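# Descriptive structure summary
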Amino acid sequence: MPLRRNILIMSLLALALSQGCLYIAPIDEDPEPEDTPPFVNALNGVSPSMGLVNINLSLGGNQEFVISGYGDANLDQTLYHRIVIDYRTAGVAANPVYSIVPKRIEPNARDRITYSFPACTAAISYPTAIADGKQIELYLVIADAPFMHASQLFSAMNFQQPFETETGRSAVWVQWTLQFIGSCPESP
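Source: prediction; values computed, not measured.

Below, the discussion takes up the overall build of the protein. Scanning the protein from N- to C-terminus turns up two helices and 12 strands. The order of helices and strands in the protein, counted from the N terminus, is α-β-β-β-β-β-β-β-β-β-α-β-β-β. Expressed as a percentage of the 188 residues in the protein, the buried residues total 36%. Restricting the contact set of the protein to residue pairs at least 6 apart, pairs at least 24 apart contribute 77%. Here the protein has roughly 11,200 Å² of accessible surface; of this, 56% comes from carbon and sulfur atoms.

This next bit is on the sheet that holds strand β9 (residues 113–118). Pairing in this open sheet of three strands is antiparallel, and the strands run β2-β4-β9 from one edge to the other. Among the strands making up the open sheet, the edge pair consists of β2 (46–47) and β9. Sheet topology note: the β2/strand β4 (residues 62–67) ladder contains two bridges and is antiparallel. Across the sheet, the residue bridging to S47 is V66, located in β4.

Below, the discussion takes up the pairing of β4. With six bridges connecting them, β4 and β9 associate as antiparallel partners. Of the residues in β9, the one forming a bridge with V66 is T114.

Let's shift gears to the nonpolar core. In this structure, Y87, F117, I130 and L178 are the most contacted members of the largest nonpolar core, which totals 32 residues. Of all the elements in the fold, those that place two or more residues in this core are β3 (51–56), β4, β6 (79–86), β9, α2 (119–125), β10 (135–143) and β12 (172–181). Among the nonpolar cores identified, the runner-up in size contains 11 residues, and V97, Y139, F154 and A171 belong to it.

Each value, and the rule that gives it
- Residues numbered from 1 in each chain as written.
- Predicted model: local features only at pLDDT ≥ 70, side-chain atom pairs only at ≥ 80, totals over all residues.
- Heavy atoms only, no water.
- Helix = DSSP H or I, 4+ residues; strand = E, 2+ residues; numbered from the N terminus.
- Buried < 20%, exposed > 50% of the residue type's maximum accessible area, 1.4 Å probe, protein only.
- Contact = heavy atoms within 4.5 Å.
- Areas by Shrake-Rupley, 256 points an atom, 1.4 Å probe, with all protein chains shown as cover.
- Pairing = 2+ DSSP bridges.
- Core = buried A, V, L, I, M, F, W, Y, C linked by side-chain atoms within 4.5 Å.

Shown next, in the form of structure tokens:
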């Protein structure tokens, strides 16, 4: 763009010098729109409310998490979301951070994001973490660029990786602490 602008200015200047006096109007360039990060309305766009959520394992341990109040000031921008579950607080040491594969949210499809956490099913993989009195952290992460790491398991040292984007821009998230009560029913 600068080369084309310089050629235009030089051409107009040459024409002005050969013809006498000529007014050269400034060339307006539209500034690039500011790329702002996505946002979440944490007060009334998140269910259940962020914070402590009790999950009764005796009743099957299913809990639905919903974000309906989210978006981006750049309306034509594709968003991405993923679920990150941190089992470190429940004492899991080997690959304690689990992430669900990221999903795209197209610009004209800003539907609510829903995740149903099946605690008793997850207890098969994490039996010591999903038990009476234990707590884990659940994050629903939204970014305006693809996530850098598509992996699903992360070590404690790499806890930040499921939140990183390819552009290095910050993601936003909501967080719940899941408190387990009781025990899962026995399988038939």
